[in-house]
Amino acid sequence: MHLEHLGWAVTAPAETLALLKHLFGASVYKSERVDAEGVLTHFLDAGAKIELLESTREDSPFAKGLAKRGPGLHHLAFGVADIDAAYARVLEAGLTPLAPPKQGADGKRIFFLHPRDTHGVLIELCGDAPALPPARWVETPSGTVATYAFGHPASPPLLLLHGAAGCTRLETLALARELEKAFHVIAMDLPGHGLSASCETLTMRVFLDAAHAVVDACIPREARFYVMGYSLGGALALLVARDAAQRVGRVAVHATNMAWDEAHVRRMNLRLDADRLERRAPALFAAFEEAHQGRTRTLFAQVAEFAATLPELTRTHAITEGVDVPVLVSAGDRDELFPLEKTLALKNALPKASLALLPDVTHTLSPDDAKALAGIVRRWMLAA
Ligand code: CO
């Protein structure tokens, strides 16, 4: 459990925002209506996450409280891994939640404890597994792909790319949620992955054409943008930066291997054995099935075919060639898929590269790892 945000009730939002800007240089990175509660929320990052709450109708419990007590600190919100388990625990302890868990702002499921039970402080508990925002569909040469926007549209745009056999929901959602505090994040599901349309054959060309189509559809023409890619998405990020050199400011790649050999293909294939995954980790397999629309087996087979081409592809086409924007190369120091030497080799092959290593982090990022990594990336990208 951790302090997730502070809720602050406001009656003059423009003035409170001006004050926060003046005090902390903080501005709104996301606004969201929660009609069921009769509130309009605004999120700011002032070291801690602040949620400003503005009333949208007069008959809500929120409006009545606001009329009685006026503006001020409204609630403390704590993030928990499993909101339903937290609710059961609270009932067992004899406390009185205001209502069962329901959809709140920021993609989270939440419930409140009665301040009578909590010594005068309104406490919100919120689930740490937020939902994806609704998809926006983009036509690409290989079919329709799903894209998801995070953060304020006026923030600098950032294209976020997941890895092979992953998707936004499984791999980059936690990164997006952290990066949205500073960027207008456009995350996409690659062709054949996640909610995107199926695709006959997966190749680097197919992925790259789709990424360019998403840039054209979602980022204003001429606007500069940033790119971040995880694993295979890192290779794509470098290719996007090479093709759109005039527009790409900085690139971050994490757990990316640009020099594949047969051992990597073997290790990758082991991860792509759907039967083995279903046997050994049925819950994880079920999550894959849900995220990939029941196409896990087809996708794994396609990615295995694609991975088999990577030793030849990365030997004959230096993906780092022609990339001369600043690149942050990062990896977990316990990546079991790609040894650390590959990360260093990539860093050394790029003319303007910086390096970040995360301690005790494997190839798969936990939500906490993602949060730490996104913090590093955010700071590095905006340092320019
Ligand atoms: Co809240």
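Calculation criteria
- Residues numbered from 1 in each chain as written.
- Predicted model: local features only at pLDDT ≥ 70, side-chain atom pairs only at ≥ 80, totals over all residues.
- Heavy atoms only, no water.
- Helix = DSSP H or I, 4+ residues; strand = E, 2+ residues; numbered from the N terminus.
- Expected span 1.5 Å × (residues − 1).
- Buried < 20%, exposed > 50% of the residue type's maximum accessible area, 1.4 Å probe, protein only.
- Phe/Tyr/Trp six-rings, centres within 6.5 Å; stacked < 30°, edge-to-face > 60°.
- Lys NZ or Arg CZ within 6 Å of the ring centre and 35° of its normal.
- Pairing = 2+ DSSP bridges.
- Right-handed = clockwise from strand over helix to strand, strands pointing away.
- Donors = N, O, S within 2.8 Å, 3.2 Å for Na, K, Ca; no water.
- Tetrahedral: all angles 85-135°; square planar, octahedral: opposite > 155°, others 65-115°.
- Axes fitted to C-alpha atoms, helices over the stretch in contact; angles between N-to-C directions.
- Parallel < 35°, antiparallel > 145°, perpendicular 65-115°, else oblique.
- Left-handed = near helix turned anticlockwise from the far one by under 90°.
- Contact = heavy atoms within 4.5 Å.
- Nonpolar A, V, L, I, M, F, W, Y, C, P; charged D, E, K, R; others polar.
- Polar contact = N/O pair within 3.5 Å; in protein donor to acceptor, adjacent residues only side chain to side chain.
- 1 Å grid on protein atoms, 1.4 Å probe; cavity = no way out; pocket = protein on both sides within 12 Å on 5 of 7 lines; lining within 4 Å.
- Points joined across faces, edges and corners; volume = space filled by probe spheres on them.

J.: Would you take a moment to explain helix H13 (residues 367-382) for this structure?
T.: An α-helical segment advances 3.6 residues per turn. Residues three or four places apart therefore align on the same side. The end-to-end C-alpha distance of H13, which contains 16 residues, comes to 22 Å, matching closely the 22 Å that a straight helix rising 1.5 Å per residue would cover. When we look at burial in H13, the residues that qualify are Asp-369, Ala-370, Leu-373, Ala-374, Val-377, Arg-378, Trp-380 and Met-381.

J.: Explanation requested: the packing of aromatic side chains in the structure shown.
T.: The description of an aromatic ring pair rests on the distance of the ring centres and on the angle between the ring planes. Enumeration over the complete set of coordinates arrives at six aromatic pairs. Seen from their ring centres, Tyr-29 and Phe-43 are 6.4 Å apart, and the 35 degrees between their planes marks the pair as tilted. Of this pair, Tyr-29 sits in strand E2 (residues 28-34) while Phe-43 sits in strand E3 (residues 39-46), and the two are 14 residues apart along the sequence. Taking 5.1 Å as the distance between ring centres and 80 degrees as the angle between the ring planes, the aromatic pair formed by Tyr-87 and Phe-111 counts as edge-to-face. Within this pair, whereas Tyr-87 is found in helix H3 (residues 83-92), its partner Phe-111 is found in strand E7 (residues 109-113), the two being separated by 24 residues in sequence. Accessibility assignment for this pair places Tyr-87 and Phe-111 in one class, buried. The ring of Phe-43 has Lys-30 lying over it, and the distance from NZ or CZ to the ring centre is 5.7 Å. In this structure, Arg-250 is placed above the aromatic ring of Trp-380, and the distance from its NZ or CZ to the ring centre is 4.3 Å.

J.: Which parts of the structure should I look at to understand the pairing of strand E15 (residues 327-332)?
T.: Most of E15 sits inside the fold, with six of its six residues counted as buried. One ladder, built from four bridges, connects strand E14 (residues 248-254) with E15; its direction is parallel. Within the sheet, the bridge partner assigned to Ala-252 lies in E15 and is Leu-328. Across six bridges, the pairing between E15 and strand E16 (residues 353-358) is parallel. Counterpart to Val-329 in the pairing with E16 is Leu-355. Remark: the E15/helix H12 (residues 340-349)/E16 crossover connection has right-handed handedness.

J.: Just checking my understanding: could you explain the coordination of the cobalt ion for this structure?
T.: Ideal geometry at a metal centre: 109.5 degrees between donors when four sit tetrahedrally, and 90 or 180 degrees when six sit octahedrally. Taken together, the protein ligands of the cobalt ion are His-5 (NE2), Glu-51 (OE), His-75 (NE2) and Glu-124 (OE), with distances of 2.1 to 2.2 Å. One can describe the donor arrangement at the cobalt ion as irregular, given that its four donor atoms subtend angles of 80 to 158 degrees at the metal. Summarised as a motif, the one-chain spacing of the donors to the cobalt ion is H-x45-E-x23-H-x48-E. Of the two residues, Glu-51 sits in strand E4 (residues 48-55) while Glu-124 sits in strand E8 (residues 123-127), which places them 73 residues apart along the sequence. For Glu-124, a relative accessible area of 4% puts it in the buried group.

J.: Hey, could you run me through the packing of helix H4 (residues 168-179) against H13 in this one?
T.: For any two helices packed against each other, one specifies the crossing angle of their axes together with the interaxial distance. Closest axis-to-axis distance for the H4/H13 pair is 8 Å, and the angle between their directions is 40 degrees. It follows from the interaxial angle that H4 and H13 lie oblique. Taken as a pair, H4 and H13 cross one another with a handedness that is right-handed. Only Pro-367, Ala-370, Lys-371, Leu-373, Ala-374, Gly-375, Val-377 and Arg-378 of H13 make contact with H4, whose side of the interface consists of Ala-174, Leu-175, Glu-178 and Leu-179. Split by residue class, the contact of H4 with H13 holds eight nonpolar, one polar and three charged.

J.: Can you help me understand the side chain of His-42 in this one?
T.: Structurally, His-42 is set in strand E3. At 2.8 Å, the side chain of His-42 forms a polar contact with the side chain of Ser-31. Contact partners of His-42, with chain neighbours within four places excluded, come to Val-28, Lys-30, Ser-31, Ile-50, Glu-51, Leu-52 and Glu-54.

J.: I tried to follow the sheet that holds E3 on my own but got confused; where do I start?
T.: Strand pairing within a sheet occurs via backbone hydrogen bonds; the two strands may be parallel or antiparallel. Pairing in this open sheet of eight strands is mixed, and the strands run E2-E3-E4-E1-E5-E8-E7-E6 from one edge to the other. Because the sheet does not close on itself, it has two edges, and the strands there are E2 and strand E6 (102-103). Examined bridge by bridge, strand E1 (residues 2-10) and E4 share five bridges and lie parallel to one another. Bridge pairing links Val-10 to Glu-54 in E4.

J.: Looking at this model, I keep getting lost on the layout of surface pockets. Mind explaining?
T.: Over the atoms, a rolling probe the size of a water molecule traces out where space has been left empty. Each pocket or cavity is described by its volume, and for the second largest pocket that value is around 960 Å³. Along its surface, the second largest pocket is lined by 46 residues, and Phe-62, His-74, Leu-98, Phe-112 and Leu-122 are the ones closest to its centre. Of all the secondary structure elements, the ones that give two or more residues to the lining of the second largest pocket are E1, E3, E4, helix H2 (61-69), strand E5 (72-80), E7 and E8. For the lining of the second largest pocket, the element with the most residues is H2, which contributes seven residues. Along the lines of polarity and charge, the residues of the lining of the second largest pocket split into 23 nonpolar, 12 polar and 11 charged.

As far as function goes, none of this settles anything; it's purely spatial.
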